[in-house]
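Observations on the model geometry
The residues making up each chain are set out below.
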Amino acid sequence: LVVRLAPEEAVYMKMNVKFPGLAWNPVQSELDLTYRERYDHHRPDPYSRLLLEALRGNQESFVRSDETAASWAIFSPLLERLDQERRIPEPYTAGTR
């Protein structure tokens, strides 16, 4: 199951299904809900939506200062350890799943 938020919103699931016919031939198929293909409707870009929500007074998309502090308290030791161990990220091809 894949839920993609950016750059283009989509929800899809890959699964093996039986190919039509009498023989048992499994093939990979997708149950796909890619918003751009499914809905012919103008979608504002993410920054426009965020700005509109801020103007409406909706704070759901914003992080409180205590949550930010808690996040730094959790992740700072992990990041420091990665720096100390000089770990190198494993490269991968852009767009792969």
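1. Examining the pattern of salt bridges
Oppositely charged side chains are able to pair whenever their charged atoms sit close together. For the structure on display, the rule yields six salt bridges. Put simply, glutamate 53 and arginine 56 hold a salt bridge, and the shortest N to O gap is 3.6 Å. Arginine 87 is paired through a salt bridge with glutamate 85; the nearest N and O atoms lie 3.0 Å apart. By relative accessible area, which is 58% here, arginine 87 ends up exposed. Via salt bridges that share partners, Arg81, Glu85 and Arg87 belong to a single interconnected network.

2. Topic: the sheet that holds strand E3 (residues 26-34)
In a beta sheet, neighbouring strands are held together by backbone hydrogen bonds and run either parallel or antiparallel to one another. Strands sit in the order E1-E2-E3 across an open sheet of three strands; the sheet is antiparallel. Strands at the two margins of the open sheet, each flanked by one partner only, are strand E1 (2-4) and E3. When strand polarity is set aside, the average angle formed by the axes of neighbouring strands in this sheet is 20°. Inspection of the sheet shows E1 paired to strand E2 (residues 10-18) by three bridges, in the antiparallel sense. Of the residues in E2, the one forming a bridge with valine 3 is valine 11.

3. Side note on helix H3 (residues 65-85)
Compared with an ideal rise of 1.5 Å per residue, which puts 21 residues at 30 Å, H3 spans 30 Å between its outermost C-alpha atoms and is within 8% of the ideal. Of all bends in H3, the biggest is about 35°, found at phenylalanine 75, and the proline proline 77 comes one to four residues later.

Calculation notes
Residues numbered from 1 in each chain as written. Predicted model: local features only at pLDDT ≥ 70, side-chain atom pairs only at ≥ 80, totals over all residues. Heavy atoms only, no water. Salt bridge = Lys/Arg side-chain N within 4 Å of Asp/Glu carboxyl O. Buried < 20%, exposed > 50% of the residue type's maximum accessible area, 1.4 Å probe, protein only. Pairing = 2+ DSSP bridges. Helix = DSSP H or I, 4+ residues; strand = E, 2+ residues; numbered from the N terminus. Axes fitted to C-alpha atoms, helices over the stretch in contact; angles between N-to-C directions. Expected span 1.5 Å × (residues − 1). Bend = angle between axes of the 7 residues up to and from the residue.

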